[in-house]
Every structure is written in structure tokens, then in C-alpha cells.
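What the coordinates show
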Amino acid sequence: MADEIKTNPGVASTHDAQLLADNIEAGEEKAPEVDFEADYAAAQKMSLNKVANTPEGEKIAEAAVAPKYKVTEPKQTKTVAVETGNPEDFLEMADEIASRNEPVTNVDDDLVKKALEMGESKM
């Protein structure tokens, strides 16, 4: 079943397409007939490869997608944390983390009181 082509020279993507659309609208040329179902069926036939469904075709496909380089296996490593017993080490680490999470503000009683007042309903 052929589908009707609707021409619109204003939205033609190329100059040639615009000229063709103008000529079709003027009656100088006949609009081409397009059968999408037949084109789709033909494309399906062309996409089938007789060799791909055989054992030989499977070997060819596997060779085509095989990795070109050897991939090494990951090695297991074991990390041991050494106990220093020095609390200063942890304080230094905590300071580094706190400095990354800027901005840090000080909360005082007035700020808490203001926040509580803002959260109360005014009825």
C-alpha cells in the first residue's frame, strides 16, 4: 500500500527538496509513491545473513568481537590500619574533613530561639 507524500516547501531540508516540493505543488512533477511496508520487508530480507546462523558464522562473529588485548585479573590486597594510640591524628583528620564542608556557622541561643519562633503557627 503506497502512502501519500505531503509536500511543504517551507520545511524542506535541502534546496533540492524545496524545488521538488514546489514542482509537485505546481503540478509540474508527480509526487513519488512510497510503500513503507514493502520497503521494511525488503530491508528485513537484506539484513539476514545466511552465514551468521551457522557454526562457522558464530566463530567469525566471536573473532570479530574478541578483545584485542589481554585483560589482567584483579589482585586482592589487604590493608592493615596501624594503631597509633595518638588522638591528635584523629583531630587533624577531623579538621581536614570539616574544612571541606564549608560554610560552617556557629549556632547560638538567639539563632535557635528565632528558628523556634519562625516554626510556630500564628493563630
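The notes below deal with the structure included here. (Residues numbered from 1 in each chain as written. Predicted model: local features only at pLDDT ≥ 70, side-chain atom pairs only at ≥ 80, totals over all residues. Heavy atoms only, no water.)

1. Structural notes on the pattern of salt bridges
Put simply, the test is: We count a salt bridge whenever a side-chain nitrogen from Lys or Arg sits within 4 Å of a carboxyl oxygen from Asp or Glu. Using a 1.4 Å probe on the protein chains alone, a residue whose accessible area is under 20% of its type maximum counts as buried, one over 50% counts as exposed, and one in between counts as partly exposed.
Under the defined criterion, the tally for this structure stands at one salt bridge. One salt bridge connects E33 with K30, and the closest N-O pair in it is separated by 4.0 Å. What makes E33 exposed here is its relative accessible area of 60%. K30 gets classed as exposed once you look at its relative accessible area, which sits at 68%.

2. Regarding a nonpolar patch on the surface
We count it as follows: Only residues whose relative accessible area exceeds 30% and that form no salt bridge enter a patch; like-charged residues are grouped when within 9 Å of one another, and nonpolar side chains (Val, Leu, Ile, Met, Phe, Trp, Tyr) when within 5 Å. What sets the accessible areas is the Shrake-Rupley method with a 1.4 Å probe; for residues, cover comes only from the shown protein chains. To qualify as a helix, a DSSP run of H or I must reach at least 4 residues; to qualify as a strand, a run of E must reach at least 2; elements of each kind are numbered from the N terminus.
Together, V107, L111, V112 and L116 make up a nonpolar patch on the protein surface, roughly 360 Å² of accessible area in all. Relative to the helices and strands, V107 resides in the loop between helix 4 (87-100) and helix 5 (109-119). Using a relative accessible area of 59% as the deciding quantity, one classes V107 as exposed.

3. What about a negative patch on the surface?
Put simply, the test is: His residues and chain termini do not enter the charge count, which takes Lys and Arg as positive and Asp and Glu as negative. To locate a charge, take atom NZ for lysine, CZ for arginine, CG for aspartate or CD for glutamate.
Judged by side-chain charge, E88, D89, E92, D95 and E96 come together as a negatively charged surface patch. Relative to the helices and strands, D95 resides in helix 4.

4. Some details on helix 1 (residues 15-26)
Going by this rule: Helices are assigned an expected span. That span is 1.5 Å times one less than the residue count.
Given a rise of 1.5 Å per residue, twelve residues ought to cover 16 Å, and the 16 Å separating the end C-alpha atoms of helix 1 matches this to within 8%. Positive phi shows up at G27, right after helix 1, with a value of about 85°.

In short, shape yes, function no, at least from these values alone.
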